[in-house]
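Residues per chain are reported as follows:
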Amino acid sequence: MRSLLFFRDWGTGSAAPRAADCNSAQDMLRWVKKKAGAVCPGRRENCMRIIGIVPGAKLFGSEDLYADQYLFVNGYPKRILANGGTPVGILSSDGYAAEDSLSLCDAFVFCGGARFYPYHFQVMEYAAKSGKPVLGICLGMQMMNTYFLVAEEAERRGWDGPLLALFEQMKKERYMFTEPVDGHWDGHITRDNVERFKHPIHVTPGSRLERLTGKQTILGASMHNYRITHPARSLTVAGRTDDGTIEALEYGEQMLGVQFHPEADDQNDELFRAIL
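What this report covers is the structure whose coordinates are included nearby. Model, not experiment: these values are computed from the prediction. Within each chain, residues carry numbers counting from 1 in the order of the written sequence. The model is predicted, so local features are restricted to residues of pLDDT at least 70 and side-chain atom pairs to those at 80 or more, both for listing and for counting; the totals for chains, interfaces and linings are taken over all residues. The side-chain numbers reported here are obtained from all heavy atoms of the structure, hydrogens and water having been left aside.

## Side note on the overall build of the chain
Now for step 1: Elements are defined by DSSP. Helices are runs of H or I of four residues or more, strands are runs of E of two residues or more, and each kind is numbered from the N terminus. The number of helices and strands found in the chain is 8 helices and 17 strands.
Now for step 2: Using a 1.4 Å probe on the protein chains alone, a residue whose accessible area is under 20% of its type maximum counts as buried, one over 50% counts as exposed, and one in between counts as partly exposed. Across the 276 residues that make up the chain, the buried fraction comes to 49%.
Now for step 3: Note on definitions: a residue-residue contact is assigned when non-hydrogen atoms from the two residues lie within 4.5 Å. Across the chain, every contact between residues at least 6 apart in sequence was considered, and the portion connecting residues at least 24 apart equals 61%.
Now for step 4: Taken as a whole, the chain presents about 14200 Å² of accessible surface, with 52% of it coming from carbon and sulfur. Accessible areas in this description were obtained via Shrake-Rupley with a 1.4 Å probe; residue shielding takes into account the shown protein chains only.

## Topic: the side chain of N145
Now for step 1: Inspection of the secondary structure puts N145 in helix α5 (residues 139-157).
Now for step 2: Classification of N145 as buried rests on a relative accessible area of 1%.
Now for step 3: Among residues more than four places away in sequence, those in contact with N145 are I228, H230, P231, A232, L235 and L249.

## Here we look at the pairing of strand β15 (residues 236-240)
Now for step 1: Two strands qualify as a pair provided that DSSP identifies no fewer than 2 bridges between them. Where strand β12 (residues 198-203) lies against β15, 2 bridges are found, and the strand directions are antiparallel. From the neighbouring strand, V203 faces β15, where its bridge partner is G239.
Now for step 2: The hairpin turn running from β15 into strand β16 (residues 246-251), its antiparallel successor, is 5 residues long, and G244 in that turn takes a positive phi close to 90°.

## Side note on unusual backbone geometry
Now for step 1: The residue C138 is not glycine, and still its phi comes out positive at about 55°.
Now for step 2: Relative to the assigned elements, C138 resides in the loop between β10 (134-137) and α5.
Now for step 3: The exposure class assigned to C138 is buried, which follows from its relative accessible area of 5%.
Now for step 4: Its identity is not glycine, yet R174 carries a phi of approximately 60°, on the positive side.
Now for step 5: One can find R174 in the loop between α6 (163-172) and β11 (178-180).

## So, the packing of aromatic side chains
Now for step 1: Any Phe, Tyr or Trp ring, taking Trp's six-membered ring, that has another such ring centre within 6.5 Å forms a pair; planes under 30 degrees apart are called stacked, those over 60 apart edge-to-face, and the others tilted. All chains considered together, the criterion is met by 10 aromatic pairs.
Now for step 2: Taken together, a centroid distance of 4.7 Å and an interplanar angle of 45° make the contact between Y175 and F177 tilted.
Now for step 3: The exposure class assigned to F177 is buried, which follows from its relative accessible area of 7%.
Now for step 4: Through a chain of ring-to-ring contacts, the aromatic side chains of F116, F121, Y147, F148, F167, Y175, F177 and Y251 assemble into a single cluster.
Now for step 5: As a reminder, the over-ring test applies to NZ of lysine and CZ of arginine, requiring each to be within 6 Å of the ring centre and within 35 degrees of the ring normal. Its guanidinium or amino end placed over the ring of Y117, R115 lies 4.2 Å from that ring's centre, counting from NZ or CZ.

## Topic: the packing of helix α4 (residues 118-130) against α5
Now for step 1: Inter-axis angles, ranging from 0 to 180 degrees, are taken between N-to-C directions of lines fitted to C-alpha atoms, where helices are fitted over the stretch in contact. As a packed pair, α4 and α5 sit with axes 10 Å apart at the nearest point and diverge in direction by 70°. Classified by the interaxial angle, the pair formed by α4 and α5 is roughly perpendicular. Classified by chirality, the crossing of α5 by α4 is right-handed. Here α4 contributes H120, F121, M124, E125, A128 and K129 to the contact with α5, which in turn contributes L139, G140, M143, M144, Y147 and V150. By definition in this entry, angles of less than 35 degrees are roughly parallel, angles greater than 145 are roughly antiparallel, angles of 65 to 115 are roughly perpendicular, and the rest are oblique. In this scheme the crossing of two helices becomes right-handed for a clockwise turn of the near helix relative to the far one and left-handed for an anticlockwise turn of less than a right angle.

## With respect to the sheet that holds strand β3 (residues 49-54)
Now for step 1: Across the sheet, which stays open at both edges, the 9 strands sit in the order β6-β3-β9-β10-β17-β16-β15-β12-β13 with mixed pairing between neighbours. In this open sheet, the two strands that pair with only one neighbour each are β6 (85-89) and β13 (217-221). Looking at each pair of strands side by side, their axes are set apart by 25° on average, direction ignored.
Now for step 2: With 3 bridges connecting them, strand β9 (residues 107-110) and β10 associate as parallel partners. From the neighbouring strand, V109 faces β10, where its bridge partner is L135.
Now for step 3: Lying over the sheet, helix α3 (residues 75-82) contacts β3, β6, β9 and β10, oriented at roughly 155° with respect to β6.

## Considering the pattern of salt bridges
Now for step 1: Only one rule defines a salt bridge in this text: a Lys or Arg side-chain nitrogen within 4 Å of an Asp or Glu carboxyl oxygen. Going through the model one piece at a time under the given rule, you end up with 13 salt bridges.
Now for step 2: Notably, a salt bridge pairs E173 with R157, separated by 2.6 Å at the nearest N-O pair. Here E173 is found in the loop between α6 and β11, whereas its partner R157 is found in helix α5, with 16 residues between them in sequence.
Now for step 3: When its relative accessible area of 40% is taken as the criterion, E173 is described as partly exposed.
Now for step 4: The shortest N-O distance in the salt bridge between R208 and E253 comes to 3.5 Å. Within this pair, whereas R208 is found in helix α7 (residues 208-213), its partner E253 is found in the loop between β16 and β17 (255-258), the two being separated by 45 residues in sequence.
Now for step 5: Salt bridges here are not isolated pairs; linked through shared partners, they connect E153, R156, R157 and E173.

## Let's talk about the nonpolar core
Now for step 1: Residue types Ala, Val, Leu, Ile, Met, Phe, Trp, Tyr and Cys, when buried and joined through side-chain atoms within 4.5 Å, form a set referred to as a nonpolar core. F108, F121, V123, M124, V150, L249 and M255 are the most contacted members of the largest nonpolar core, which totals 42 residues.
Now for step 2: Listed by contribution, the elements that provide at least two residues to this core are β3, β9, α4, α5, α6 and β16.
Now for step 3: Of the residues forming this core, the biggest block, 9 residues, is contributed by α5.
Now for step 4: Leaving out residues up to four positions away in the same chain, V123 has contacts with V54, I90, A97, L102, F108 and F110.
Now for step 5: In terms of nonpolar packing, the next biggest core, distinct from the first, is built from 23 residues, I51, L135, F260 and F272 among them.

Right, dumping it as structure tokens:
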């Protein structure tokens, strides 16, 4: 018989089960969410939202084992916490996600970064199939578009294998998911110069982005040298810059992608609240 072990809850005065006494991570997570209203003042009772942060990475660039790193920029968890969510990091092994861990999350934020890895595609596919909300930022918006382009190409080809395998095949075929763009990254953003890197984004009338922001033009901090070549048919363009660059994409009410960086400050927090 398994012995019962307890620790005291975080200041609530009740005993909580230790992880060893739970049948699964889901059991522990259900207990934590049940207690969230008491544990986290200010959050909606029994509505703690676990937000999986999908980071950028630098993997396999050299033979140095310790050069393989995931890049968790402070702005992402900061904005999630400020808006009532609980951020957790999504990690991979050799570039592939542990898919069982994704079920622990209620929604996902895809961070900016330099390149795609298989785990980016895996998490996006999981979110699309599970219906869990997504906020894709910079590379994250590009990944969102890439996933739907691959799904549409699979239908066109009659592809019956894994979509990730088709994604890798399309890269070998030099399919252009993105293209270079000038004038969207003109220096290094610091804590005191964020405003200098913002440019206007013209919001599509009637879009979800317009409903969330209440504005026809918003300002977003720009840090990218690439843009998507064209939107997937499944997605709706929700914003563009003066040069025509697509800066926002939507997939119904489930997914929102932005090419700019709302984590740079608190001026676009409604985008984070949209997944909470």
